Amino acid sequence: MIDTVAAELRSIAKSSTNATGYFAALYSQVTQNVAAAIRQGSFTDGARMERFATVFASYYIDAMHGDGRRPRSWQACLDVADDNALLIVQHLLLGINAHINHDLPFAVAEVTGDGNIEDVRGDFEAINRILAETYGGILKALERVSRWIGEADLLGGGRLFNFSLERARDQAWAAAERLVVLDVAGRDRYEKDLDEQVSVLAYLVTKPPALLRPLLRLARSMETQDAKSVTSVLLAPD
């Protein structure tokens, strides 16, 4: 089941001709590593984690295949997918923002169902280690297509990225705790509010402060411009 999801994510990445392939490639690597961890018995409940990974991925896949019905937070990613002025990392952050800040709470709530959400927490937090390892490899791979990444990593950019990611997942967990006690109508209202908030974050990713923009333009000039090449590197980080 999870291997099928990973294969579909790779297919989305390979078929992409713009920056939408970046997050799909990254996500396929994460999913493959989660699948490996499940096989190795790294989780308390491997079957539940496979179901969770599949449900979680379905939010992204549905957004990519959606016919005008996708969340605004995902539409924000697609709206700038052909914008070559944005850094590779900005495109990746847009996908991470939508998937973690918007999709993750709903996936946790869906897998929890009528059970106790705390039963899921240990395995939820165990994924942080897998994410850190995956993103470490991705950042190393990005050095092949983004010449400034290595310098940023030496200055602590990788550690800051992992810290920010953990903070985002903590916030997603808190959102899931609120969701599980709501009825269907309450969840619908909460989804609209959350989607609005995450859309604002997407705007901030694409429109950084004016003082930073010359630096970002310089960084972009040090990156590979061909989207297919970037996606290929992210699909095979080793």
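Residues numbered from 1 in each chain as written. Predicted model: local features only at pLDDT ≥ 70, side-chain atom pairs only at ≥ 80, totals over all residues. Heavy atoms only, no water.

Student: Please explain the packing of aromatic side chains as it appears in this structure.
Tutor: The geometry of an aromatic ring pair is captured by two quantities: the separation of the ring centres and the angle between the planes. For the structure shown, the criterion picks out 8 aromatic pairs. Each ring, one from Phe52 and one from Phe56, has its centre 5.7 Å from the other, and the planes form 20 degrees; the classification is stacked. Here the residue Phe52 and the residue Phe56 both occupy positions in helix H3 (residues 46-65), the gap between them amounting to 4 residues, near one helical turn. Given a relative accessible area of 4%, Phe52 falls into the buried group. In this structure Phe56 comes out as buried when scored by relative accessible area, which is 10%. (Phe/Tyr/Trp six-rings, centres within 6.5 Å; stacked < 30°, edge-to-face > 60°. Helix = DSSP H or I, 4+ residues; strand = E, 2+ residues; numbered from the N terminus. Buried < 20%, exposed > 50% of the residue type's maximum accessible area, 1.4 Å probe, protein only.)

Student: When you look at helix H1 (residues 2-15) in this model, what are you seeing that I'm missing?
Tutor: Helical geometry: 3.6 residues make up each α-helical turn, so side chains three or four residues apart lie on a common side. Under the 1.5 Å per step criterion, the end-to-end length of H1 is 20 Å for 14 residues, consistent within 8% with the ideal 20 Å. The complete set of buried residues in H1 reads Ile2, Val5, Ala6, Leu9, Ile12 and Ala13. Down the axis of H1, the buried set is contained in an arc of 120 degrees. They therefore lie on one face. Of the residues in H1, the exposed ones pointing more than 90 degrees away from the buried face are Thr4 and Ser15. Where the residues of H1 are buried, they touch helix H2 (20-39), H3 and helix H11 (227-235). (Expected span 1.5 Å × (residues − 1). Arc of directions from axis to C-beta. Contact = heavy atoms within 4.5 Å.)

Student: In this structure, what is going on with the packing of helix H5 (residues 88-112) against helix H9 (residues 184-206)? I would like to understand it.
Tutor: To describe two helices that pack against each other, one gives the angle between their axes and the distance between the axes. Running from N to C, H5 and H9 point in directions that differ by 165 degrees, and their axes come no closer than 9 Å. As the angle between them shows, H5 and H9 are arranged roughly antiparallel. For the element pair H5 and H9, the recorded crossing hand is right-handed. Together, Gln90, Leu93, Leu94, Asn97, Ala98, Asn101, His102, Pro105, Phe106 and Ala109 of H5 and Arg187, Tyr190, Glu191, Leu194, Asp195, Val198, Leu201, Ala202, Val205 and Thr206 of H9 make up the contact between the two elements. Counted by class, the contact of H5 with H9 contains 12 nonpolar, 5 polar and 3 charged residues. (Axes fitted to C-alpha atoms, helices over the stretch in contact; angles between N-to-C directions. Parallel < 35°, antiparallel > 145°, perpendicular 65-115°, else oblique. Left-handed = near helix turned anticlockwise from the far one by under 90°. Nonpolar A, V, L, I, M, F, W, Y, C, P; charged D, E, K, R; others polar.)

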